[in-house]
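Chain residues, written in single-letter form:
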Amino acid sequence: MNHDESRALYDRALSVMPGGVNSSVRATQPYPFFIERGDGAHVVDADGNRYLDYVLGYGPLLYGHDMPEPVRAAVQSHASEGPMYGAPTEVEVKHAEFVARHVPSVEMIRFVNSGTEATVSAVRLARAYTGRDKIVIMQGGYHGAQESTLVEGEPGDVHPSTRGIPESFAEHTIPVPFNDFEAVRDVFETHGDDIAAVLTEPILGNKGIVMPVDGYLEHLRNLTEDHDALLVFDEVITGFRVGGLQCAQGKFGITPDVTTFGKIIGGGFPVGAIGGKSEIIEQFTPSGNVFQSGTFSGHPVTIAAGYEYLKYAAENDVYDHVNRLGEKLRRGITDIVEDQAPNYTVVGTDSMFKTVFTREGPADLDGCCPAGCKQRESCPRYDYCPKNGADVAKADTERWKRIFWQEMKEQGVFLTVNQFESQFVSYAHTDEDIEETLEAYKEAL
């Protein structure tokens, strides 16, 4: 493939943007390819190269790059009538009613502008509602670029994970390993009266897609209830992607007190939201005393896109289609891995997938999860598959980034650049696309 135009654009970008990008995950070696346009399940770069797209904007593009006609019409209509007003609109009410009708935990919702803003607001809300300061998070979980969760370490020895955050901020955050029953129980035994909330993704979606082991989410629900703390699910990635319209909480049958959303809830436009029990969400101003506000919150174009996005999914076979293709892809990759790289672990559920370049595996693969790791104790891979963020971090991440990703790109398949980010299937993908992708996996692995 020729990438001359992307290289020239990158040279220009380096002089006006730090690292030549506006989000660090977009930085690739030796330089990123610049996208010119999307076309269904594909993207086309500045040099005219065409790629099957499984990044999909890091998750929000449930339909790929061609909006269904009702979504396109709603976006065009609201944009032409005036981009925004600084006053409420009917479509905000419609979208809020739709989400509350379908998501188990949501009685009320506050729309904001990003997943990061949603989790920042949720943490503030939990602290105010409980009158406590400490937040329990999962090591390797990701909740946006916010001071309360950009931490690393063990309980009792926690530090900011990036420069620019005072050490004192980290004192109120307690990171524990995902899927570790004992660790989180010990934390509650020690700090239970000071813990405002457990903030977790129901599936670690920014760390290679780690599924919860049987009973772990129930364990978190019970611990928080026993200690009068809140359970906050970050469904920015899994929301309306896993579990259909009920989200991951519906799939797992666990109802949190508060849920944060992003991505699909805005139909590919900048968005975030905090939903939950009325008595909690009403603590936000102006009905309560927890300040939360934003000029672009509830932006009518974004909210119209999100509302029509979800309404279309409710009225069509969207989830049946994407989940079937997701399973077909994971099954196909599993077969390839067992033949060519048996140490690697295929992960994912519904329309999410990833291959983790784990370094060890069982001698006998009989009875392994056939379409993505489900954390089954009876699976021969159980002792080898990642259970938490640290397990994924131990994988051969450099091999993914420096070799595998580059090989797949050269074969016209666009995957997330690092080992940790999730990949997705869209409504625009076809069975033929899946077959083409599997052939690329065979060649690259």
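Residues numbered from 1 in each chain as written. Predicted model: local features only at pLDDT ≥ 70, side-chain atom pairs only at ≥ 80, totals over all residues. Heavy atoms only, no water.

Another aspect to go through is the overall build of the protein chain. Counting secondary structure elements, the protein chain contains 14 helices and 16 strands. Computed over C-alpha atoms, the radius of gyration of the protein chain comes to 21 Å, within 12% of the 22 Å expected from 2.2 N^0.38 for 445 residues, which places it in the range of a compact globule. Viewed in the frame of its principal axes, the protein chain has a C-alpha envelope of about 60 × 55 × 45 Å. Here the protein chain, with 445 residues, has 55% of them falling under the buried criterion. Long-range contacts, defined as pairs at least 24 residues apart, comprise 72% of the intrachain contacts of the protein chain with a sequence gap of at least 6. (Helix = DSSP H or I, 4+ residues; strand = E, 2+ residues; numbered from the N terminus. Rg over C-alpha atoms; globule rule 2.2 N^0.38 Å. Buried < 20%, exposed > 50% of the residue type's maximum accessible area, 1.4 Å probe, protein only. Contact = heavy atoms within 4.5 Å.)

Take the pairing of strand E11 (residues 258-262) next. Counting buried positions along E11 yields 5 of 5 residues, so the element is predominantly enclosed. Residues Val-258, Thr-260 and Gly-262 point to one face of E11 and Thr-259 and Phe-261 to the other, with burial holding for every one of them. Pairing geometry for strand E10 (residues 230-234) and E11, over 3 bridges, is parallel. Bridging across to E11, Phe-233 finds its partner in Thr-259. A crossover connection joins E10 to the parallel E11 through helix H8 (residues 247-252); in handedness this β-α-β unit is right-handed. (Pairing = 2+ DSSP bridges. Right-handed = clockwise from strand over helix to strand, strands pointing away.)

All right, on to the environment of Ser-278 then. Looking at the element boundaries, Ser-278 is found in helix H9 (residues 278-281). In this view, Ser-278 contacts Glu-107 and Met-108; residues no more than four positions away in its chain are not counted.

What follows covers the sheet that holds strand E3 (residues 50-53). If you walk across this open sheet you meet the 4 strands as E1-E2-E3-E15, and the pairing is mixed. With partners counted over all chains shown, the strands left at the sheet margins are strand E1 (35-39) and strand E15 (413-414), one partner each. With 2 bridges connecting them, E3 and E15 associate as parallel partners. Paired with Asp-53 across the bridge in E15 is Phe-414. Strand contacts of helix H14 (residues 431-444): strand E2 (42-45), E3 and E15, with the helix running at about 105 degrees to E3, the strand carrying the most contacts. (Axes fitted to C-alpha atoms, helices over the stretch in contact; angles between N-to-C directions.)

Here 7 strands make up an open sheet; going across it, the order is E4-E12-E11-E10-E9-E5-E8 and the pairing mixed. A strand with exactly one partner marks an edge of an open sheet, and here the two such strands are strand E4 (108-112) and strand E8 (173-177). For this sheet the average axis-to-axis angle between neighbouring strands, irrespective of direction, equals 20 degrees. As defined by bridge partners, E4 adjoins strand E12 (residues 272-276) across 5 bridges and the pair is classed as antiparallel. Paired with Phe-111 across the two strands is Ala-273, which belongs to E12. With respect to the sheet, helix H6 (residues 181-191) is in contact with strand E5 (134-139), E8 and strand E9 (195-200), its orientation differing from that of E8 by roughly 155 degrees. Along the sheet face, helix H7 (residues 216-226) touches E5, E8, E9 and E10 and points at about 145 degrees away from the line of E10.

In this section: helix H4 (residues 115-130). In a regular helix each residue adds 1.5 Å, so 16 residues correspond to 22 Å; H4 covers 22 Å between its end C-alpha atoms and thus fits that length. Those residues of H4 lying buried are Gly-115, Glu-117, Ala-118, Thr-119, Ser-121, Ala-122, Val-123, Leu-125, Ala-126 and Thr-130. Just downstream of H4, Gly-131 is the residue with a positive phi angle, here 70 degrees. (Expected span 1.5 Å × (residues − 1).)

Structurally, the position occupied by Asn-289 is in the loop between H9 and helix H10 (300-315). Remark: the alpha-carbon pair of Asn-289 and Ala-128, spanning 161 residues in sequence, is separated by 8.5 Å.

Attention shifts here to the environment of Thr-260. Position of Thr-260 among the secondary structure elements: in strand E11. For Thr-260, a relative accessible area of 0% corresponds to the buried category. Distance from Thr-260 to Gln-146, taken between C-alpha atoms, is 14 Å for residues 114 residues apart in sequence.

Our focus in this paragraph is the side chain of Arg-330. With respect to the helices and strands, Arg-330 occurs in helix H11 (residues 318-340). Side-chain polar atoms of Arg-330 contact the backbone oxygen of Asp-350, separated by 2.8 Å. Apart from residues lying up to four places away in sequence, Arg-330 is in contact with Val-346, Val-347, Gly-348, Thr-349, Asp-350, Met-352, Phe-353, Pro-370, Ala-371 and Gly-372. (Polar contact = N/O pair within 3.5 Å; in protein donor to acceptor, adjacent residues only side chain to side chain.)

Cis geometry marks the peptide bond from Gln-29 to Pro-30, where omega comes out at 0 degrees. Structurally, Pro-30 is set in the loop between helix H1 (4-14) and E1. Thr-285 connects to Pro-286 through a cis peptide bond whose omega is 10 degrees. Topologically, Pro-286 is positioned in the loop between H9 and H10. Positive phi, close to 50 degrees, is recorded for Leu-56, a residue that is not glycine. Here Leu-56 shows up in the loop between E3 and helix H2 (69-80). Phi at Tyr-58 is positive, roughly 65 degrees, even though this residue is not glycine.

Taken as a whole and judged by the stated rule, the model has 18 aromatic pairs. Centre to centre, the rings of Phe-33 and Trp-405 are 6.4 Å apart; their planes meet at 15 degrees, and the pair counts as stacked. Linking Phe-33 in the loop between H1 and E1 with Trp-405 in helix H13 (residues 397-410), this pair joins segments that are 372 residues apart in sequence. By relative accessible area, which is 2% here, Trp-405 ends up buried. For the ring pair Tyr-312 and Tyr-427, a centre distance of 6.4 Å and an interplane angle of 75 degrees mean the geometry is edge-to-face. Highlighted residues: Tyr-312 in helix H10 and Tyr-427 in the loop between strand E16 (423-424) and H14, separated in sequence by 115 residues. Sitting over the face of the ring of Phe-420, Lys-207 holds its NZ or CZ atom 4.1 Å from the ring centroid. One cation-aromatic arrangement involves Lys-387 over Tyr-382; the distance from NZ or CZ to the ring centre is 4.1 Å. (Phe/Tyr/Trp six-rings, centres within 6.5 Å; stacked < 30°, edge-to-face > 60°. Lys NZ or Arg CZ within 6 Å of the ring centre and 35° of its normal.)

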